[in-house]
Amino acid sequence: MGRLEGKTIIITGGASGVGEAAARLFASEGAKLVIADLQGERANQLAEELGGDCIAQKVDVSRSADVKGLVSKALESFGQLDVMFNNAGIGGGERLIHETPEELFDRTIAVNLKAVWLGIKHAIPPMLDAGSGSIMNTASVSAHLGLPQQGAYGASKSGVVQLTRVAAVEYADRRIRVNAICPGGVLTPMVYNNPALRYTLDPADAEQRLAQAQPLPRACQPIDIAHAALYLASDESSFVTGTTIVVDGGWTASGRARMDNPSGLEDLYQK
Ligand code: NAD
């Protein structure tokens, strides 16, 4: 029997990177899935590939009506919502604060922070009715480190960590758990095909750089983050709430506020 048998799960940002890896892993563990993404076509293709109990929904997670509709879609399709994985996100522009356009700051906060608040807000009512639930929010090591050129991104992710704590305490007595995951650098399009970086990178090159960006000498793959999400989604974590699981190959433990290895990613952010 799969570790997520009988559970209905929404994954936002489910068409790419971490969300896609989670969708594949959760489906293999028996979950019913709603793959939600701005990239509707990619979400559809993945849902078709995974088959059976897997559907897709095009959403902009920064829009309340879209997120409300997403939760309704899960309830209409599968009759329940057990897990909400608020994972969609965008790079924050990687600019010094005084060079960051205000619109970029606003959009980063809208997609990375307000959307998580909306995801919690709309997922909670059916979970209250059911008397249980697990909410996972993708934050970042940027919430814990003063990474240069990540003012907007880091602020949004710190907000996610704090929102996670507050929600965990607000709903613990109703048996709804809320946790965050803080990845370091992960080999996804956000790293190698991120318009915010103002150029793209060959994925193999990105992999090589990521392998040297933290103490563990390999690149973090999306599945590394999906495994942490699987634990938090499953009943194995039933006494875990209000916490953050850091999956960063030892980056924050090393205490470096910047990746100072010249072969690491830091130089990407200097361009
Ligand atoms: P990704 O770009 O591969 O995937 C992000 C997905 O989110 C994309 O499919 C995109 O279409 C979707 N998305 C973006 N804006 C959206 C919106 N408004 N509405 C709906 N969907 C939207 O990147 P990823 O690395 O898989 O990112 C997943 C999460 O991990 C993000 O929250 C990101 O901030 C976080 N994260 C990533 C890294 C990294 O190095 N890749 C590090 C730390 C945290």
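Scroll up a little and you will see the structure.
Residues numbered from 1 in each chain as written. Predicted model: local features only at pLDDT ≥ 70, side-chain atom pairs only at ≥ 80, totals over all residues. Heavy atoms only, no water.

Asks: I tried to follow the site of the ligand on my own but got confused; where do I start?
Replies: Residues in close proximity to the ligand total 29 residues, the closest being Ser16, Val18, Asp37, Tyr153 and Thr188. One of the backbone nitrogen or oxygen atoms of Asn87 is found 2.8 Å away from an oxygen atom of the ligand. For the ligand, an oxygen atom lies 2.9 Å from a polar atom in the side chain of Lys157. Bound to the protein, the ligand loses 94% of the 820 Å² it would expose on its own. For the shell around the ligand, the secondary-structure elements that each account for two or more residues are α1 (17–28), α4 (102–130), α5 (151–171) and α6 (189–192). Top element by residues in the shell around the ligand is α6. It accounts for three residues. Residue composition of the shell around the ligand, grouped by class: 14 nonpolar, 11 polar and four charged. (Near = heavy atom within 4 Å. Polar contact = N/O pair within 3.5 Å; in protein donor to acceptor, adjacent residues only side chain to side chain. Areas by Shrake-Rupley, 256 points an atom, 1.4 Å probe, with all protein chains shown as cover. Helix = DSSP H or I, 4+ residues; strand = E, 2+ residues; numbered from the N terminus. Nonpolar A, V, L, I, M, F, W, Y, C, P; charged D, E, K, R; others polar.)

Asks: Even after reading the chapter, I still don't get the environment of Gly17, so can you show me in this structure?
Replies: One can find Gly17 in helix α1. Classification of Gly17 by relative accessible area gives buried; the value is 14%. Along the chain, Gly17 and Pro222 lie 205 residues apart, while their C-alpha atoms are 5.8 Å from each other. Dropping the residues within four chain positions of it, Gly17 is found in contact with Thr188, Pro189 and Pro222. (Buried < 20%, exposed > 50% of the residue type's maximum accessible area, 1.4 Å probe, protein only. Contact = heavy atoms within 4.5 Å.)

Asks: Would you mind showing me how to read helix α8 (residues 222–233) here?
Replies: An α-helical turn contains 3.6 residues, so any two residues separated by three or four positions project in the same direction. Relative to the 16 Å expected for 12 residues at 1.5 Å per residue, α8 spans 16 Å between its end C-alpha atoms, a close match to the ideal helical length. With nine of 12 residues buried, α8 is to be regarded as a mostly interior element. All of the buried residues along α8 are Pro222, Asp224, Ile225, Ala226, Ala228, Ala229, Leu230, Leu232 and Ala233. (Expected span 1.5 Å × (residues − 1).)

Keep in mind that these numbers describe shape and distance, not what the molecule does.
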